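Coordinate inspection notes
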Amino acid sequence: MASSVDSARFSELYRSLPLDAQQSLVENQLIPLLKHVPRQRAKKVNAAVTRLHRRHRNIPVLDLKAKKLEVNLLLEELEKDSKRAFVMDKSSKPEILSEILNSCTDWLNDVWSMAYEHNVNYELVHECLLFICDTLTRLASVRSCCNCSLSNMYIPVVIKTKSGRIVKRFDVDGAPNLEVVMGFIWRDMFLSMLASGKRRHRQLVSEMLKDCETNSGWPFLIRILRGGSIGDEEDEDEADEEEWDNTDDAGESSSVGQWEDVGTSRSRHWPLRIRSCVTELRALTEDVMKRNFEALPSSRLYDTLIGIATDPNSLSEELHEMLDSVATTCSDAMAVALEIYAGECNGPAITRLLQNHSHLIRPRDAPALQKAVIALSEVGHAELGLSILRKELVDTARTVRQALLLSYSRLDVAANRNELFQVIKLPSGAPRRARIETWVDSISSPGADAPIPFMFAAMMMGVPPMPGMNPDDDAYTYLDLDPHDPDLEDLRHEFRPALKRRFESWVDVAHRLKNGSAVLLTTYKFLIEFMPFLRAPDVTEEMIGRLDDRPSKQFVCDGLDALLAFAKIQKRKWNVAKAELQKRKKAEARPSTSASSSTNNTISSFDQSSISAAATTPTTASVPLPPMFPVSLPSGQANASLSQATASSSKRLSDPDKEPSLTTPPHLGASNGQSVISRPISPYIPMFAGPSTPTPQTTAGLPFLFATPFGAGVASTPPATEPSLDDVD
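Residues numbered from 1 in each chain as written. Predicted model: local features only at pLDDT ≥ 70, side-chain atom pairs only at ≥ 80, totals over all residues. Heavy atoms only, no water.

**Digging into the nonpolar core**
This is how the line gets drawn: What is meant by a nonpolar core is a set of buried Ala, Val, Leu, Ile, Met, Phe, Trp, Tyr and Cys residues, joined one to another through side-chain atoms within 4.5 Å. Type-normalised accessible area, obtained with a 1.4 Å probe on protein chains alone, sets the label of each residue: buried when under 20%, exposed when over 50%, and partly exposed for intermediate values. Secondary structure elements are defined from DSSP: runs of H or I of at least 4 residues count as helices, runs of E of at least 2 residues count as strands, and each element is numbered from the N terminus. Here, residues are in contact when the closest pair of their heavy atoms is within 4.5 Å.
Ranked by size, the top nonpolar core spans 146 residues in total, and within it Trp 186, Phe 190 and Phe 533 carry the most contacts. In terms of residue count, helix α5 (residues 93–117) provides more of this core than any other element does, 12 residues in total. When neighbours within four sequence positions are excluded, Phe 533 is seen to be in contact with Leu 404, Leu 411, Leu 420, Trp 439, Val 539, Thr 540, Met 543 and Leu 560.

Right, dumping it as structure tokens:
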């Protein structure tokens, strides 16, 4: 009697055999073996075969070879019809499309039945579904002037059981939306394979998921998990198989955009053994998508994986390890890493990448870099974000100017620059307009505006100008023939960059950053020095108008237009800030001006009275000094001091703008061993500031300077410094 080890080894070897070898082994070895087994065992084997025969008696026939031949012939006829439509008045395209789609949709119910009801020929079912997806792709790429009939065609699809009960009804609008039906069938097939409990089927599911990802992209795997739906909501109906059997024959109904069955565990026709495999299918799908993320990371794939994960935290750590290992390998991975880290506000990771690998960032990666800059400002790295903002704004402006030099190669000639400054000073009018046109002609590249006979003839016939017809067009003008061709996207980013969108997006980022307005003002100062023609909008508009009719220069015109709009806004803000500053200066100067005027008037009147008194009152004796001066002067010196003070006061009144001397008068020199005051004495000390008023008899003959104790009631205030416009944000 054979042991269990022999049976396991035989089973493993049998699964490894090709299909023909398996069939030969059964016919030549196993069937004759039934003659030598006990009768009871032979009856059991025969009963099992009979049961399987009864179950699969009405199994549908999936002749993939014949279906391919039929559909391919129809596709060839569609190609011929698209060519005949150019010379004939009518086309049979709608009828041919309808026949192709009907041939495919009528087959879908048989495909589902074999996979879900009969649980056999899984690989054949998978090949049939891939063929239908390939057919839809070929239909979308058929050369035709319009694909409206394909996109708007109504396609009803009904999935029924062998007994005729409706499982699902799809109302599809447009052939591309037939993928929802395939997603529904694939999901039921995968769950049936996993419910069989065989390891071979589990491995086969992983391989089939890879095929689906290769054929339709990883987003299609999510549609398979949701039964073909593109929504995020799930039906809450969790009725079991018995409840579904008691429902109305109408079954489930679904239309694109409004699904009843979008979750992976909500279909009413599933038995319990199928529902228990939903988690395993989700795990297998997650594994396939993780391998895709490791090979080609993307922020959308990262978010999707976190959304379907059963343990988001552990999966996030695993994905971060993958991302760190590939982030610095290429520019695409670098942009993805910045975008993912920015979404999580991971400041240290962003700083590390930008400081060590900033050379990987391309101009086309501006959206990811902008998100990173905003995230840096939110986590306390504002200085790094502002430096990146300033650099990107300046780089964009330099790119615009470099592209502009191809058409205006004489822009940097000294004579043309001087002429531009003269034009800017001119007032508006016809002379200014004429000077502008002359200046633009002088900076244009030689031969750029020369007439081209072919272009002139085309214009006369009403044909628009074609790219490459101008002498200053570059070698990549064929990019303008089809600006939406995805195959040329990389070249378009490099040679036809979206300068306007790039510059305006960075300006929007500056408005969201703290101190971003100061960076914009600094950029404006740089622009008007780097491209002085931006100071005159009419000059810039004339330069744009000369290039506006050339398709190859459209990106240059858009970029220059964005710079001009930015310069206008910043100039307006500059003028507003300047007006506010001057207004504030006038408000601050008004109180001090009125106070100093009243003080000067008082001093002047007192000076005149002192001079008159000194002239009319003779002094014959020494005049006592105020208490703070410990010196006494002889009568002669007092008279000399009076004469000097009178002359000084008269000179100051006649020349009030001259700054008076702030040193000690010479007559107060050291004498008789008495101390001398060396501190400068201000001549503008008001007489009424002292605590007491001297008597006229003791002060009538002295200058007003010595009538009050020094510094009494005087506040020493340093002169205010006028702020400059550069300090205004």
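Still more to cover.
**What to know about helix α14 (residues 299–308)**
Restricting attention to buried positions, one finds in α14 the residues Ser 299, Leu 301, Tyr 302, Thr 304, Leu 305 and Ile 308. Where α14 is buried, its residues touch α10 (219–225), α13 (278–295), α15 (312–326) and α16 (331–343).

**Focus on the packing of aromatic side chains**
Two aromatic rings, taken as a pair, are described by how far apart their centres are and by the angle between their planes. Just so we agree on the cut-off: A pair of aromatic rings is counted whenever rings of Phe, Tyr or Trp (Trp by its six-membered ring) have centres within 6.5 Å, and the orientation is called stacked for planes under 30 degrees apart, edge-to-face for over 60 and tilted otherwise. Working rule: Lys NZ or Arg CZ, within 6 Å of ring centre, within 35 degrees of ring normal, means a charge sits over the ring.
As enumerated under the stated definition, the model contains 7 aromatic pairs in all. Taking 5.2 Å as the distance between ring centres and 20° as the angle between the ring planes, the aromatic pair formed by Trp 112 and Tyr 116 counts as stacked. Highlighted residues: Trp 112 and Tyr 116, both in helix α5, separated by 4 residues, approximately one helical turn. Overall, the relative accessible area of 13% leaves Tyr 116 in the buried class. Centroid distance Phe 526 to Phe 530: 5.0 Å. Interplanar angle 15°. Geometry classified as stacked. With Phe 526 and Phe 530 both in helix α25 (residues 516–530), this residue pair falls 4 residues apart, about one helical turn. Directly above the aromatic system of Phe 530 lies the positively charged group of Arg 398, at a separation of 5.1 Å from the ring centroid.

**Some details on the pairing of strand β1 (residues 154–160)**
Heads up, the condition is: For two strands to be treated as a pair, DSSP must find at least two bridges joining them.
Across the two faces of β1 the burial differs, with Ile 155, Val 157 and Ile 159 buried and Tyr 154, Pro 156, Val 158 and Lys 160 not buried at all. By the bridge criterion, 7 bridges tie β1 to strand β2 (residues 166–173) in an arrangement that is antiparallel. Looking at β2, one finds that Val 157 is bridged to Phe 170. Taking the residues that link successive antiparallel strands as the turn, the β1-β2 hairpin has 5 residues, and the phi of Gly 164 there is positive, at about 95°.

**Describing a positive patch on the surface**
Put simply, the rule reads: Like-charged residues within 9 Å of one another, or nonpolar side chains (Val, Leu, Ile, Met, Phe, Trp, Tyr) within 5 Å, are grouped into patches, provided each residue has over 30% relative accessible area and no salt bridge. Surface accessibility in these figures is a Shrake-Rupley result with a 1.4 Å probe; residues are shielded only by whichever protein chains are displayed. The term salt bridge refers to a pairing of a side-chain nitrogen on Lys or Arg with a carboxyl oxygen on Asp or Glu at a separation within 4 Å. Here Asp and Glu are counted as negative and Lys and Arg as positive; His is not counted, and neither are the chain ends. Every charge is mapped to an atom, namely NZ of Lys, CZ of Arg, CG of Asp or CD of Glu.
A grouping of Arg 15, Lys 198, Arg 199 and Arg 200 is seen on the molecular surface, where their side chains present a positively charged patch. With respect to the element layout, Lys 198 can be found in the loop between α8 (179–195) and α9 (199–216). Here Lys 198 falls in the exposed class, since its relative accessible area comes to 51%.

**A word on the packing of α5 against α8**
Heads up, the condition is: Interaxial angle, 0 to 180 degrees, is taken between N-to-C directions of lines fitted to C-alpha atoms, where a helix line uses only the stretch in contact. Orientation labels follow simple angle bins: below 35 degrees gives roughly parallel, above 145 gives roughly antiparallel, 65 to 115 gives roughly perpendicular, and whatever is left gives oblique. For a crossing to be left-handed, the near helix must be turned anticlockwise from the far one by less than a right angle; the clockwise case is right-handed. Three classes are used: nonpolar for Ala, Val, Leu, Ile, Met, Phe, Trp, Tyr, Cys and Pro, charged for Asp, Glu, Lys and Arg, and polar for all others, with Gly counted as polar.
Relative orientation of the contacting elements α5 and α8 amounts to 15°, with a least axis distance of 8 Å. By the criterion of interaxial angle, the relationship of α5 to α8 is roughly parallel. For the pair α5 and α8, the crossing hand works out as left-handed. Here α5 contributes Leu 108, Val 111, Trp 112, Ala 115 and Tyr 116 to the contact with α8, which in turn contributes Val 181, Met 182, Phe 184, Ile 185, Asp 188, Met 189 and Ser 192. Along the lines of polarity and charge, the residues of the contact of α5 with α8 split into 10 nonpolar, 1 polar and 1 charged.

**Considering the pattern of salt bridges**
The full count for this structure, using the stated rule, is 21 salt bridges. Across the pair Arg 202 and Glu 280 runs a salt bridge whose closest N-O atoms are separated by 2.7 Å. Placement of Arg 202 in helix α9 and of Glu 280 in helix α13 is noted, with a sequence separation of 78 residues between them. Residue classification places Arg 202 among the partly exposed positions, given a relative accessible area of 37%. Between Glu 318 and Lys 290 there is a salt bridge, with its nearest N and O atoms 3.3 Å apart. Residue Glu 318 is found in helix α15, and its partner Lys 290 is found in helix α13; the two are separated by 28 residues along the sequence. Classification of Lys 290 as buried rests on a relative accessible area of 12%. One connected set of salt bridges, linked through shared partners, spans Arg 433, Glu 437, Asp 441, Glu 542 and Arg 546.

**A few points about unusual backbone geometry**
For residues besides glycine, phi is generally negative; the peptide bonds are generally trans as well. Unlike most non-glycine residues, Asn 121 shows phi in positive territory, near 50°. Counting through the fold element by element, Asn 121 comes out in the loop between α5 and α6 (122–140). Note on Asn 121: relative accessible area 40%, which makes it partly exposed. Phi at Asn 515 is positive, roughly 65°, even though this residue is not glycine. Inspection of the secondary structure assignment puts Asn 515 in the loop between α24 (499–512) and α25.

**A look at a negative patch on the surface**
Taken together, Glu 123, Glu 127, Glu 207 and Asp 211 make up a surface patch of like negative charges. Contributing elements (two or more residues each) for the negative patch: α6 and α9. Note on placement: Glu 127 falls in helix α6. Residue Glu 127 is classed as partly exposed on the basis of its relative accessible area of 41%.

**Quick notes on the packing of helix α18 (residues 366–378) against α24**
Relative orientation of the contacting elements α18 and α24 amounts to 10°, with a least axis distance of 10 Å. Here α24 runs roughly parallel to α18, going by the angle between their axes. Along its contact with α18, which presents Ala 366, Leu 369, Gln 370, Val 373 and Ile 374, the element α24 presents Arg 502, Ser 505, Trp 506, Val 509 and Arg 512. In terms of residue class, the contact of α18 with α24 is built from 6 nonpolar, 2 polar and 2 charged.

**Points about the environment of Phe 293**
Relative to the elements of secondary structure, Phe 293 occurs in helix α13. Taking C-alpha positions, Phe 293 is 8.5 Å from Leu 323, a pair spaced 30 residues apart along the chain. In this structure, Phe 293 is in contact with Ser 298, Leu 301, Tyr 302, Leu 305, Leu 319, Met 322, Leu 323 and Ile 340, ignoring residues within four places of it in sequence.

**Quick word on the confidence of the model for the chain**
Any segment with low pLDDT has predicted coordinates that should not be analysed in fine detail. Operational definition: Per-residue confidence from the predictor is reported as pLDDT, which spans 0 to 100.
Mean pLDDT over the chain works out to 76, with 70% of the residues at or above the 70 mark. The least confident element of the chain, judged by mean pLDDT, is helix α29 (residues 696–699) at 40; the most confident is α24 at 95. For residues 232–265, every residue scores under 50 in pLDDT, and the model assigns this stretch 83 contacts once sequence neighbours within four places are set aside. Every residue in residues 602–729 scores below 50 in pLDDT, and together they form 117 contacts with partners more than four places removed in sequence or on other chains.

**What to know about a nonpolar patch on the surface**
Together, Phe 10, Leu 30 and Leu 33 make up an exposed nonpolar region whose accessible area comes to about 250 Å². Relative to the helices and strands, Leu 30 resides in helix α2 (residues 19–33). By relative accessible area, which is 30% here, Leu 30 ends up partly exposed.

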